[in-house]
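# Architecture and fold: a report
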Amino acid sequence: MRREAIICLGLAAITVALYWPVHRHDFINFDDRDYVTENPTVRAGITWPGVRWAFGGSHASNWHPLTWLSHMLDCRLFGLKPGAHHLVNLGFHIANTLLLFLALNQMTRAVWRSALVAALFAWHPLHVESVAWVAERKDVLSAFFFMLTLWAYGRYGAVQSLKSKVQSREAGAVSQHAESRSPQHATRTTQHTTRFYLLALFFFALGLMCKPMLVTLPFVLLLLDYWPLRRFELKTLDFRLKTLVPLLREKAPFFALALAAGIVTLVAQQTAAQSLEQWPLGSRLATALTSYSAYLGKMAWPENLSVFYPHVPVPAWHVVLSALFLACLTILCLRQARSRPWLLVGWLWFGVMLLPVIGLVQVGWQSMADRYTYLPLIGVFIMLVWGAVDLRPCSRTGRLVLRLGAVLVLGACLAATRFQLKYWQDSLALFRRALEVMPDNWLAHNNLGTALADEGKVDEAAEHFRAVLQLNPACDDARNNLGRYLAERGKQDEAKAQIEAVLRRNPRHAGAHRNLGYVLFTEGNIADGVAQYALARQLRPDDAATPEDLAALLTKQAESPTTLPYLRQALDLLPTAEMRAQAASTWAGQGKLQYAVQGYRAALALEPQSPDILNNLAWLMATCPEANLRDGAEAVRLGQQACELTGFRRTLMVGTLA
């Protein structure tokens, strides 16, 4: 136990040191906005409406309510400080590493081999994407429950084997002593078996509510029954049927949960899934075969990693070679199944766990993704570690070479992971790196352009949007972004042409309606502009950018007497925290302080963790000339809360005003 504790401590300490730079990383503009920064429901923290929202439907083309609740809890505890969100991801990654080690060691009783597999899992550069990307909380969180399922099932399998041995021994015993002990042993063993079985089923259900990729876990449990739990063997057909049928019956509840999760996921991903007309079956099979080989290649030599890999034409010879390679490796593992069962278990672990995301069901535009290897590569690591130990020479020199090789491999993983980690510090670094790896990466051009526009470098951003349209003319987001850029440059006719082209292709594109509203607003057609913003909000109610954009436009005309009617109209159409805060700001500018205080309080009720709303209400209550509205103590409390949410620790000026 002391040795295992030291190993756990070492794994955790090195992983913390390796990934510690993430506490300085920012959110990125790829999914982080949908999951956290521009999702008002998540930003409000855990609330009963938020819980109903998380469980009540699909969002971001998935049904994963526990993932949403995890992000909500982060926002409740840390606000929008990205470093804290990243450190929570790191905490789950460390927990997953330790649980993997403990589960493998429990099932195999091979301490150092289990530790080496866990170290490869913790430090391999292909896993940087899952750890350093806030939106991939679903990866590390689902893996946490995956590991707990393995641990509980390992305990169940061990107790089940003990039960069989006890029953067999007691059945052959003839002594009175054995007969008197039998019921007690059977009862105790049965209780332990039921407890761990139900615990494994419970953890599996929780994992499915984090990420549906875990639907393949029942097959992994069957693999563990073969090795290392040794609950069945590959002998005669009759023997296999007698042993496999009870094991399959035992997994029926797991398969039922997986089937239910699969159906829910197919419904949730209808809008994101590509049709056979867009991606024919032949192309999908070719992508799947080459992706399996590509993942193994990146595992062995992890260079030129990217956040997004677009589809590119695959040469026929590449598909053929990949198919031959995979077939030969499968045949080798099958031939060694009895003498070296870890080869077959590890290979099928890798292959089966990748099936939901290998491209046969195409969701999104990526051909492959590093994050998809987070759990499947455990199977390959088991193959490599147990295979290396099996092939080691018996001499002292051979053992020394093996240990030195393990140290060199782990050292290379540490160096490569730290190298890859620096590209995840912000959107600019991430997508510039993606373009270095693949210059024709249209999504990298689009997101880099968005990041540059956020930095105020709109001319440079426009060049990237135009590059996207050359590579992928069907990219509505890039065309919409270009339309917004043209509108901000005063080229309203050109902007409207680009945005309307998007709406002709996709009338439900919320961003295009928002930008059309911006164009109409700048043309002076405020009423129609507000209506377009309302339509955008209706199409994407979780997108905080729509009310924030409209609020910013109304801010520019806060002193205009014509603003108030449109502001009230916008408030009726978009009763969000952003719009209520903007209405309060406008009322404050017009001297209607009572309405302003009421507006800020209404906004705060919708988004209690907003530092801006807290700060503005604090200043208003501290400086308000009307005695019945001024409350210095309340102003100090609100101001301190705003500072805590932003990490600002200096003495508040509102404290002196109070």
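Scroll up a little and you will see the structure.
Residues numbered from 1 in each chain as written. Predicted model: local features only at pLDDT ≥ 70, side-chain atom pairs only at ≥ 80, totals over all residues. Heavy atoms only, no water.

## So, the overall build of the protein chain
- Scanning the protein chain from N- to C-terminus turns up 32 helices and 2 strands.
- In the protein chain, which comprises 658 residues, the proportion classed as buried is 54%.
- Carbon and sulfur atoms form 61% of the exposed surface of the protein chain, whose accessible area is close to 30,000 Å². (Helix = DSSP H or I, 4+ residues; strand = E, 2+ residues; numbered from the N terminus. Buried < 20%, exposed > 50% of the residue type's maximum accessible area, 1.4 Å probe, protein only. Areas by Shrake-Rupley, 256 points an atom, 1.4 Å probe, with all protein chains shown as cover.)

## Regarding the environment of Thr194
- Following the sequence through the fold, Thr194 ends up in helix α10 (residues 176-208).
- With 38 residues separating them along the chain, Thr194 and Tyr156 place their C-alpha atoms 7.9 Å apart.

## A short note on the packing of helix α22 (residues 476-488) against helix α23 (residues 492-505)
- Packing of α22 against α23 brings their axes to within 7 Å, and their N-to-C directions diverge by 160°. Taken together, the axes of α22 and α23 lie roughly antiparallel to each other. Relative to α23, the crossing made by α22 is left-handed. Along the contact surface, α22 presents Asp476, Arg479, Asn480, Leu482, Gly483, Leu486 and Ala487, while α23 presents Gln492, Glu494, Ala495, Gln498, Ile499, Ala501, Val502 and Arg505.
- In terms of residue class, the contact of α22 with α23 is made up of 7 nonpolar, 4 polar and 4 charged. (Axes fitted to C-alpha atoms, helices over the stretch in contact; angles between N-to-C directions. Parallel < 35°, antiparallel > 145°, perpendicular 65-115°, else oblique. Left-handed = near helix turned anticlockwise from the far one by under 90°. Contact = heavy atoms within 4.5 Å. Nonpolar A, V, L, I, M, F, W, Y, C, P; charged D, E, K, R; others polar.)

## Points about unusual backbone geometry
- Omega for the bond connecting Trp227 with Pro228 falls within 30 degrees of zero, at 10°, which places this linkage in the cis form.
- For Pro228, the location among the structural elements is in the loop between α11 (217-226) and α12 (237-250).

## Quick word on a nonpolar patch on the surface
- Nonpolar side chains collect at one region of the surface, where Leu266, Leu281, Leu285, Leu355, Leu360 and Val361 lie side by side and expose about 530 Å² of accessible area between them.
- When you line up the elements, Leu355 lands in the loop between α16 (341-354) and β2 (366-368).
- Exposure remark for Leu355: the relative accessible area of 41% places this residue in the partly exposed category. (Patch = residues over 30% accessible without salt bridge, like charges linked within 9 Å, V, L, I, M, F, W, Y side chains within 5 Å. Salt bridge = Lys/Arg side-chain N within 4 Å of Asp/Glu carboxyl O.)

## Remarks on the layout of surface pockets
- Of the volumes computed, that of the second largest pocket is approximately 1,100 Å³.
- Taken together, the elements giving at least two residues each to the lining of the second largest pocket come down to α1 (2-19), α7 (111-123), α14 (281-300), α17 (377-390) and α18 (396-421).
- A per-element tally of the lining of the second largest pocket places α18 first, with 13 residues.
- Across the lining of the second largest pocket, the residue classes break down as 30 nonpolar, 4 polar and 6 charged. (1 Å grid on protein atoms, 1.4 Å probe; cavity = no way out; pocket = protein on both sides within 12 Å on 5 of 7 lines; lining within 4 Å. Points joined across faces, edges and corners; volume = space filled by probe spheres on them.)

## Some thoughts on the packing of aromatic side chains
- Within this structure, the stated rule accounts for 24 aromatic pairs.
- Ring geometry for Phe219 against Phe255: centres 5.1 Å apart, planes inclined by 80°, an arrangement best described as edge-to-face. Taken together, the residues Phe219 in helix α11 and Phe255 in helix α13 (residues 252-268) connect sequence positions 36 residues apart.
- Measuring from ring centre to ring centre gives 5.7 Å for Phe308 and Trp442, while their planes differ by 80°; the resulting arrangement is edge-to-face. Here Trp442 lies in helix α20 (residues 442-454) and Phe308 lies in the loop between α14 and β1 (309-310), a separation of 134 residues in the sequence.
- Here Phe308 falls in the buried class, since its relative accessible area comes to 4%.
- For Trp442, a relative accessible area of 13% gives the class buried.
- These aromatic residues form a ring-pair network of at least three members: Tyr153, Tyr156, Tyr197, Phe204 and Phe254.
- When the ring centre of Tyr372 is taken as origin, the NZ or CZ atom of Arg371, which lies over that ring, is 5.2 Å away. (Phe/Tyr/Trp six-rings, centres within 6.5 Å; stacked < 30°, edge-to-face > 60°. Lys NZ or Arg CZ within 6 Å of the ring centre and 35° of its normal.)

## Here we look at the pattern of salt bridges
- Throughout the structure, instances matching the rule amount to 22 salt bridges.
- For Arg484, the salt bridge goes to Asp549, with nearest N and O atoms at 2.9 Å. With Arg484 in helix α22 and Asp549 in helix α26 (residues 545-555), this pair connects stretches of sequence that are 65 residues apart.
- Salt bridges here are not isolated pairs; linked through shared partners, they connect Glu129, Glu136, Lys138 and Arg371.

## A word on empty space enclosed by the protein
- By the definition in use, this model includes 3 cavities of 30 Å³ or more.
- There is about 60 Å³ of room inside the largest cavity.
- Every residue along the wall of the second largest cavity is listed here: Leu305, Ser306, Val307, Gln420, Trp424, Leu430, Arg433 and Ala434.
- Class assignment of the residues belonging to the lining of the second largest cavity gives a composition of 5 nonpolar, 2 polar and 1 charged.

## As for helix α30 (residues 611-623)
- In this model, α30 (13 residues) spans 18 Å end to end at C-alpha, consistent with the 18 Å of a helix rising 1.5 Å per residue.
- Ile613, Leu614, Leu617, Ala618, Leu620, Met621 and Ala622 are the residues of α30 that are buried. (Expected span 1.5 Å × (residues − 1).)

## A short note on the side chain of Ser367
- One can find Ser367 in strand β2.
- Of note is the side chain of Ser367, whose polar atom sits 3.5 Å from the backbone oxygen of Pro310.
- Once residues within four sequence positions are removed from consideration, Ser367 is found in contact with Thr287, Ser291, Tyr309, Pro310 and His311. (Polar contact = N/O pair within 3.5 Å; in protein donor to acceptor, adjacent residues only side chain to side chain.)

## A closer look at the environment of Leu503
- The topology assignment puts Leu503 in helix α23.
- For Leu503, a relative accessible area of 15% corresponds to the buried category.
- Aside from chain neighbours lying at most four places away, what touches Leu503 is His509, Ala512, His513 and Leu516.

## Focus on helix α4 (residues 48-56)
- Among the residues making up α4, those that are buried are Gly50, Val51, Trp53 and Ala54. Within α4, the buried residues cover an arc of 160° as seen down the axis, which keeps them to one side. Structural note: α4 exposes Trp48, Arg52 and Gly56 on the side pointing more than 90 degrees away from its buried face. (Arc of directions from axis to C-beta.)

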